[in-house]
Amino acid sequence: MYEEDKSIYISDACIWKTFVDLAWQMDKFGNKTDMIPVHNELEMGSLNGRLENEFEDESLVSPSAASRKAHMLNSVQHDSISRAPQQWKSHNIGSRLLNSIKIVMLSNRLNLLLPFGPLAVVVNHLSGHHGWVFFLSLLGITPLAERLGYATEQLSCFTGATVGGLLNATFGNATELIISIYAMQNGMIRVVQQSLLGSILSNMLLVLGCAFFCGGIVFNQKEQVFNKATAVVNSGLLLMSVMGLLFPAVLHYTHTEVHFGSSELALSRFSSCIMLIAYAAYLVFQLKSQNNLYDHVDEDGNQSPRSSDDDEVPEISKWESIIWLAIITAWISFLSGYLVDALEGASVAWKMPIAFISVILLPIVGNAAEHASAIMFAMKDKLDISLGVAIGSSTQIAMFGIPFCVVVGWIMGQPMDLNFQLFETASLFITVLVVAFMLQEGTSNYFKGFMLILCYLIVAASFFVHVDPSAIADRHQP
């Protein structure tokens, strides 16, 4: 009897010591998320082995002692298994949250401009100086526009080509569309028209010109090549958008409307619906029917399919991308209200025409991401991607952004139309022709890029001395 009690006592002591060691090990490694599953498995294996050996060695153990040891073993196993996943899960969520914030908000140097957004709000409430509010809002929106494009690219990695194309069409130029909708709510139709027009001109002349110029400087011993099929299709769509803008303007200035004022607006809305249908067909054509036309072209002019090595690996998860899209879009919408409200005051404070601010300054903010991306890819000799960024963004605005704003204005009861006035329409038409001639050979060099940049300077100077016809009409009113 004495020997049996002694063996039971020794066995219970061993179990209790093992349990304490296990608890100490779990507490020790509780802050190391990646080590918990491994250590738990090793410790449980060690514990099982020690207890099994103990059961085998002690032949004098009574049935009651064996049942107590088995109950203790099950309790230790259940406690260790139930606590470890909870600690791992809570720590993993916090780690992923911090990692997501680090990737999205701290990985880009342009994010140093983010504090200017809240500063614009503070300045607006303290001083109300429209010039400073407008300037600080511009600086604050610039990194947000770039991060919005980044979140869209991350989400496209999970959605596939077709949905990814629709996402790029929707969010690729979301900054310009948000600013346009806010301006439309305030009845600033001309600001909407001019800012969208300026985005097209900026992408086609400044962004593409800088990409050609920088790529030509880096690869000055050869001519960079790109797929002419892509350029032809996009040039055709841009010419179609010029047609949609030209006819309402000609109808207005020739005074040949059936019903003065209403016929022009009805034609604009009908043409906008047609342009949206054409852009949807273009997406299907690009992503489904003729996707081989958009393969990379080598120096000999031969197409090479995209390799799996070129596929981007997402840095954040799908739901993280969706949440960041919502947060960044909401913040851009908030700052856009201050930007639009301070626009006219900034024009007076800086002594600049509203047309110049709308066509030149506002698009630079919205195109910050496209500008940096196009130059970066051109310097890596990936000119097809640069062309897709610059010309593709212009096509999105011309065939999707402008008609979309007309339809939204229709819903809101605002008379948004496609009559961009003769000066703006002529600027777009000449720009499309110049770029189409530059792209017809399928090659680029730094001289072509330099010519496009000089063309943009001419356009900027023209709008600096241009007085909007609506301003002239307001000036002559009694």
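Residues numbered from 1 in each chain as written. Predicted model: local features only at pLDDT ≥ 70, side-chain atom pairs only at ≥ 80, totals over all residues. Heavy atoms only, no water.

Engineer: I would appreciate a short explanation of the nonpolar core in the present structure.
Structural biologist: Side chains of a nonpolar character, in soluble globular proteins, are inclined to be buried together. Phe134, Leu208 and Leu439 are the most contacted members of the largest nonpolar core, which has 98 residues in total. The element that contributes the greatest number of residues to this core is helix H8 (residues 189-218), accounting for 15 residues. When neighbours within four sequence positions are excluded, Leu439 is seen to be in contact with Leu208, Phe212, Phe226, Lys228, Ala231, Ser235, Leu387 and Ile391. (Core = buried A, V, L, I, M, F, W, Y, C linked by side-chain atoms within 4.5 Å. Buried < 20%, exposed > 50% of the residue type's maximum accessible area, 1.4 Å probe, protein only. Helix = DSSP H or I, 4+ residues; strand = E, 2+ residues; numbered from the N terminus. Contact = heavy atoms within 4.5 Å.)

Engineer: How should helix H9 (residues 228-253) be read in this particular structure?
Structural biologist: Counting along an α-helix, one turn takes 3.6 residues, and residues three or four places apart therefore face a common direction. Across its 26 residues, H9 extends 37 Å between first and last C-alpha, which sits within 8% of the 38 Å expected from 1.5 Å per residue. A distance of 3.0 Å separates the backbone nitrogen of Ala229 from a side-chain oxygen at the start of H9, and that oxygen is part of Asn227. Remark: His255 follows H9 within two positions and exhibits a positive phi of approximately 55°. (Expected span 1.5 Å × (residues − 1). Polar contact = N/O pair within 3.5 Å; in protein donor to acceptor, adjacent residues only side chain to side chain.)

Engineer: Explain the packing of aromatic side chains here, please?
Structural biologist: To describe a pair of aromatic rings, you give the distance between the ring centres and the angle between the ring planes. One pass over the full model with this rule turns up 11 aromatic pairs. Between Phe134 and Trp350 the ring centres are 5.6 Å apart and the planes differ by 75°, which places this aromatic pair in the edge-to-face class. Placement of the pair is Phe134 in helix H5 (residues 130-159) and Trp350 in helix H12 (residues 343-350), with a sequence separation of 216 residues. Using a relative accessible area of 28% as the deciding quantity, one classes Trp350 as partly exposed. Both rings, one in Phe212 and one in Phe226, keep their centres 6.2 Å apart while their planes meet at 15°; by these two values the pair is stacked. Here Phe212, found in helix H8, pairs with Phe226, found in the loop between strand E1 (224-225) and H9; they are 14 residues apart in sequence, far enough to count as distant. The two residues Phe212 and Phe226 agree in class, both being buried. Through a chain of ring-to-ring contacts, the aromatic side chains of Tyr279, Tyr282, Phe400 and Phe404 assemble into a single cluster. The cationic tip of Arg147 hangs over the ring face of Tyr150; the distance from NZ or CZ to the ring centre is 4.3 Å. (Phe/Tyr/Trp six-rings, centres within 6.5 Å; stacked < 30°, edge-to-face > 60°. Lys NZ or Arg CZ within 6 Å of the ring centre and 35° of its normal.)

Engineer: What exactly am I supposed to notice about the confidence of the model for the chain here?
Structural biologist: Caution applies to low-pLDDT parts of the model: their predicted coordinates are not meant to be read in detail. Looking at the chain, pLDDT values average 77 and 72% of them are 70 or higher. Taken element by element, the predicted model of the chain shows its lowest mean pLDDT in helix H2 (residues 36-57) (44) and its highest in helix H17 (residues 446-464) (94). Confidence drops under a pLDDT of 50 for residues 306-310, and excluding neighbours within four residues, the segment shows three contacts in the predicted structure. Across residues 472-478 the pLDDT falls below 50, and counting only partners more than four positions away or on other chains, this stretch makes two contacts in the model. (pLDDT = per-residue confidence, 0-100.)

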